[in-house]
Amino acid sequence: MKFEKLTVPSQKDLFIRKIQDMILSGELKIGEKIPPERELAEKMGVSRTIVNTGIAVLENQGFLSIIPRQGVFVNDYKRNAGADTLNAIMRIKGDVISDSDIKSVLEIRWALEKLAIRNSINIITEEEIRELRDIVEELGQSESPQEAAEKAFEFYIKMAEIGENQFLEIIIANFRLPCIAMWVRFCRIYGIHILFEHTLTSWELLKKGDYKEALEWVEKLTKEAIDGKYTLYEKDLKSI
């Protein structure tokens, strides 16, 4: 069993997290102007330096928008989201993701995985097949859901890399946190061995080179996770 060193969040991290929470909960509404830095510092008990640097981070994450001579406003983070926005939201949620989050991640992963399979299945080499097999074996030997989830993602992004579509690889990399959160949840419910078996089947179909069968397999897994045998929804976990 592995134990990690505990760390205490800094005041800047706490400030950023508080503003993120207020925006995501709707307490701070899109388009709303937030108080000046001096007022925020006084109300939240931190220095103006922390407020200033925290606002800069929140702007980069897409949560706030700084308009010169007008002030700082809550940004439409969904419409103007970037990779930093997605990663920030997932760090806030951890692996506690809602039903709608799960469905969204599964649908996006399904679309991206289909493209990754299409690009890679006809050009994959014997060496790459062996590399993917090594990842699958490491997944099966994982000692924790987190480790297994990271190996599943490594398999997924390696497949995209083999397909030689650089932009697809970058897009998939930006979905690392939600994908891993979903697989961690899967392993905690159904076990690492089931994730291993599913990934092994995907590898076998890649090796076989059957594009149609591989797509059918991905679609089957997605449907089972959305509303079937391997559902990840909270409403279905109460009886487990």
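Residues numbered from 1 in each chain as written. Predicted model: local features only at pLDDT ≥ 70, side-chain atom pairs only at ≥ 80, totals over all residues. Heavy atoms only, no water.

**Student:** Summarise the pairing of strand S2 (residues 71–74); cite the residues concerned and give the values.
**Tutor:** Examined bridge by bridge, strand S1 (residues 64–67) and S2 share four bridges and lie antiparallel to one another. Across the sheet, the residue bridging to Ser65 is Phe73, located in S2. Where S1 folds back onto S2 in an antiparallel hairpin, the turn is made up of three residues, including Arg69, whose phi is positive at roughly 65 degrees. (Pairing = 2+ DSSP bridges. Helix = DSSP H or I, 4+ residues; strand = E, 2+ residues; numbered from the N terminus.)

**Student:** Could you give an account of the pattern of salt bridges, naming the residues involved and the relevant values?
**Tutor:** Scanning all chains against the criterion turns up 13 salt bridges. Across the salt bridge formed by Glu107 and Lys103, the nearest N and O atoms sit 2.4 Å from each other. Here the residue Glu107 and the residue Lys103 both occupy positions in helix H5 (residues 99–120), the gap between them amounting to four residues, near one helical turn. For Glu107, a relative accessible area of 35% gives the class partly exposed. Where Glu161 meets Lys158, a salt bridge forms, and the shortest distance between an N and an O atom there is 3.4 Å. Note that Glu161 and Lys158 are positioned in helix H7 (residues 145–162) at a spacing of three residues, about one turn of the helix. A relative accessible area of 15% means that Lys158 is categorised as buried. Through salt bridges with shared partners, one network takes in Glu131, Lys158 and Glu161. (Salt bridge = Lys/Arg side-chain N within 4 Å of Asp/Glu carboxyl O. Buried < 20%, exposed > 50% of the residue type's maximum accessible area, 1.4 Å probe, protein only.)

**Student:** Can you break down the environment of Glu37 residue by residue, with the values?
**Tutor:** Among the structural elements, Glu37 can be located in helix H2 (residues 37–44). Counting along the chain gives 13 residues from Glu37 to Ile50, while the straight-line C-alpha distance between them is 9.4 Å.

**Student:** Account for the packing of aromatic side chains, with residues named and values stated.
**Tutor:** Applying the stated criterion across every chain, the model contains six aromatic pairs. With a centroid separation of 6.1 Å and 85 degrees between ring planes, the pair formed by Phe153 and Tyr156 is classed as edge-to-face. In this pair, Phe153 and Tyr156 are both assigned in helix H7, three residues apart and thus about one turn of the helix distant. Residue class for Tyr156 comes out buried when judged on its relative accessible area of 3%. Geometrically, the ring pair formed by Tyr156 and Trp183 is edge-to-face, given 6.2 Å between the ring centres and 90 degrees between the ring planes. Residue Tyr156 is located in helix H7, and its partner Trp183 is located in helix H9 (residues 176–190); the two are separated by 27 residues in the primary sequence. (Phe/Tyr/Trp six-rings, centres within 6.5 Å; stacked < 30°, edge-to-face > 60°.)

Interpretation in functional terms is not warranted from these geometric data alone.
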